[in-house]
Amino acid sequence: MSEEMTVTVDGEEYLVRPEGGSMRVGRRVGGETTWLEDVDAATLPEAARGALERGDASDGSLLTALRGVVAAEGQRGG
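Reading the values: the criteria
- Residues numbered from 1 in each chain as written.
- Predicted model: local features only at pLDDT ≥ 70, side-chain atom pairs only at ≥ 80, totals over all residues.
- Heavy atoms only, no water.
- Helix = DSSP H or I, 4+ residues; strand = E, 2+ residues; numbered from the N terminus.
- Rg over C-alpha atoms; globule rule 2.2 N^0.38 Å.
- Buried < 20%, exposed > 50% of the residue type's maximum accessible area, 1.4 Å probe, protein only.
- Contact = heavy atoms within 4.5 Å.
- Areas by Shrake-Rupley, 256 points an atom, 1.4 Å probe, with all protein chains shown as cover.
- Lys, Arg positive; Asp, Glu negative; His and termini not counted.
- Charge placed at Lys NZ, Arg CZ, Asp CG, Glu CD.
- Axes fitted to C-alpha atoms, helices over the stretch in contact; angles between N-to-C directions.
- Parallel < 35°, antiparallel > 145°, perpendicular 65-115°, else oblique.
- Nonpolar A, V, L, I, M, F, W, Y, C, P; charged D, E, K, R; others polar.
- Pairing = 2+ DSSP bridges.

## Comments concerning the overall build of the protein
Move 1: Within the protein, the secondary structure is distributed over two helices and four strands.
Move 2: When the elements of the protein are put in sequence order from the N terminus, they spell out β-β-β-β-α-α.
Move 3: A globule of 78 residues ought to have a C-alpha radius of gyration of about 12 Å, and the protein, at 11 Å, matches this closely.
Move 4: In terms of its C-alpha atoms, the protein occupies a principal-axis envelope of roughly 30 × 25 × 25 Å.
Move 5: Burial analysis of the protein (78 residues in total) assigns 35% to the buried set.
Move 6: Put simply, 34% of the contacts in the protein that link residues at least 6 apart link residues at least 24 apart.
Move 7: Split by element, the accessible area of the protein, about 4400 Å² in all, is 44% carbon and sulfur.
Move 8: Taking the average place of the 8 positive charges on the side chains of the protein and the average place of its 15 negative ones, the gap between the two points comes to 1 Å.

Structure follows, in C-alpha cells:
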C-alpha cells in the first residue's frame, strides 16, 4: 500500500494513511496530526480500495468513501 496522502473533500484537507487492513483518516492541526477514524479497508468499495492502494488522492470513489467517513465523524460529534 502507499504512504500517507492528503485528500481534499469539500474544501477541507484530510490525511489518509493505509495501515495494515485499514484506512486511517486524520487532520493536521497546528503541525500535529489528529487521527479521527480507523476504517476497515474491507468495508470500502473495491474502487476506493484500489485508489487507496495506488495512492490516488483524486479518485472519485475514494473521495466519496472519505466523505462518508467524515460525515459519520461529524454526526458523532468528532
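There is more to say after this.
## Digging into unusual backbone geometry
Move 1: For D10, which is not a glycine, the phi torsion comes out positive at approximately 50°.
Move 2: Along the chain, the position of D10 falls in the loop between β1 (5-9) and β2 (12-19).

## Some points on the packing of helix α1 (residues 46-54) against helix α2 (residues 60-75)
Move 1: Viewed as axis vectors pointing N to C, α1 and α2 meet at an angle of 105°, and their least axial separation amounts to 7 Å. When the axes of α1 and α2 are compared, the pair comes out roughly perpendicular. Mapping the contact onto sequence places A47, A48, A51 and L52 in α1 and S61, L62 and A65 in α2.
Move 2: Taken together, the residues that form the contact of α1 with α2 break down as six nonpolar, one polar and no charged.

## What to know about the sheet that holds strand β3 (residues 22-29)
Within a sheet, adjacent strands bond to each other through the backbone by hydrogen bonds, running parallel or antiparallel.
Move 1: The four strands lie next to each other as β1-β2-β3-β4, forming an open sheet whose pairing is antiparallel. The open sheet has two free edges, formed respectively by β1 and β4 (32-40), since each of these has just one partner strand. The sheet shows a mean angle of 35° between the axes of neighbouring strands, direction not considered.
Move 2: Against the sheet, α2 contacts β1, β2, β3 and β4, and its axis sits at roughly 75° relative to β1.

By themselves these figures say nothing about function.
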